[in-house]
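# Structure assessment
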Amino acid sequence: MNDSPVQSPSGLPIGHGLAAALLGGILLVWAGLIGLSLQRAALPDSTDGMMLAVFSLGTSDAEAMTAMVRAGGEPVRSTWLGFAWVARGVEPGFVGRLKAEGALAAFGELPVGPTLGGCTATPVDTAKIAATRLQ
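Residues numbered from 1 in each chain as written. Predicted model: local features only at pLDDT ≥ 70, side-chain atom pairs only at ≥ 80, totals over all residues. Heavy atoms only, no water.

### Remarks on the overall build of the chain
When helices and strands are tallied, the chain shows four helices and seven strands. Beginning at the N terminus, the succession of helices and strands in the chain can be written as β-β-α-β-α-β-β-α-β-β-α. The proportion of buried residues among the 135 residues of the chain is 30%. Sequence-distant contacts in the chain: of pairs separated by 6 or more residues, those separated by 24 or more amount to 72%. Summing over all exposed atoms, the chain offers an accessible surface of approximately 8,700 Å²; the carbon and sulfur share of this is 64%. (Helix = DSSP H or I, 4+ residues; strand = E, 2+ residues; numbered from the N terminus. Buried < 20%, exposed > 50% of the residue type's maximum accessible area, 1.4 Å probe, protein only. Contact = heavy atoms within 4.5 Å. Areas by Shrake-Rupley, 256 points an atom, 1.4 Å probe, with all protein chains shown as cover.)

Here it is as structure tokens:
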């Protein structure tokens, strides 16, 4: 048996390397598009309104809710990601205050993908919000 790569009629080897290169290229383009989308959706510190607030991995629900309330807003609902919440702030500067309370970023509507709420959101536990005590 011959273990050398199969040669195509044009003389180029066909094998797993081509598939891996194609997959790598697709992932690179996808990552670039996601990065561009997130950059365009990032909100300035002076923004208020409905947004997706992103916290660091491992942030508990109680910590995230406390941060949103201390920033002068309200948690609307959690998402299936766990570290991202839909939040609402009614006073200008909510994003800046939210970042000061520990959020990594806040995003508006993304140009692609699910909207705020949509299939990524789960209903908010109002009892948990009421039980959150500010210190």
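After that view of the structure, there is still more to cover.
### Things to note about the environment of alanine 105
Mapped onto the secondary structure, alanine 105 falls in strand β6 (residues 105–107). Residues alanine 105 and serine 56, spaced 49 residues apart in sequence, show a C-alpha to C-alpha distance of 9.5 Å.

### Side note on the confidence of the model for the chain
With 70% of its residues at a pLDDT of 70 or more, the chain has an overall mean of 78. The lowest-confidence element of the chain is strand β7 (residues 121–122), averaging 49 in pLDDT; the highest-confidence one is helix α3 (residues 94–100), averaging 93. Confidence drops under a pLDDT of 50 for residues 111–117, and excluding neighbours within four residues, the segment shows 10 contacts in the predicted structure. (pLDDT = per-residue confidence, 0-100.)

### Some words on the pairing of strand β5 (residues 84–89)
Among the six residues of β5, five are classified as buried, and the element is accordingly described as predominantly covered. By the bridge criterion, six bridges tie strand β3 (residues 49–54) to β5 in an arrangement that is antiparallel. In the strand pairing of β5, methionine 51 is matched with alanine 87. Where strand β4 (residues 73–79) and β5 come together, five bridges link them in antiparallel fashion. Bridging across to β5, glycine 73 finds its partner in glycine 89. Taking the residues that link successive antiparallel strands as the turn, the β4-β5 hairpin has four residues, and the phi of glycine 82 there is positive, at about 90°. (Pairing = 2+ DSSP bridges.)

### What to know about helix α1 (residues 16–41)
Taking 1.5 Å per residue as the helical rise, α1 with its 26 residues ought to reach 38 Å, and the 37 Å between its terminal C-alpha atoms agrees with that figure. Among the 26 residues in α1, two count as buried, and that is only a small part of the element. (Expected span 1.5 Å × (residues − 1).)

### Things to note about the pairing of β3
Remark: a regular strand shows side chains that alternate across the two faces of the sheet. Where β3 meets β6, three bridges bridge the pair, whose relative direction is antiparallel. Within the sheet, the bridge partner assigned to leucine 52 lies in β6 and is phenylalanine 107.

### Things to note about the environment of alanine 87
Position of alanine 87 among the secondary structure elements: in strand β5. For alanine 87 and glycine 49, which are 38 residues apart along the polypeptide, the C-alpha to C-alpha distance reads 8.0 Å. Setting aside chain neighbours within four positions, we find alanine 87 in contact with Gly49, Met50, Met51, Ala53, Met68, Glu74, Val76 and Phe94.

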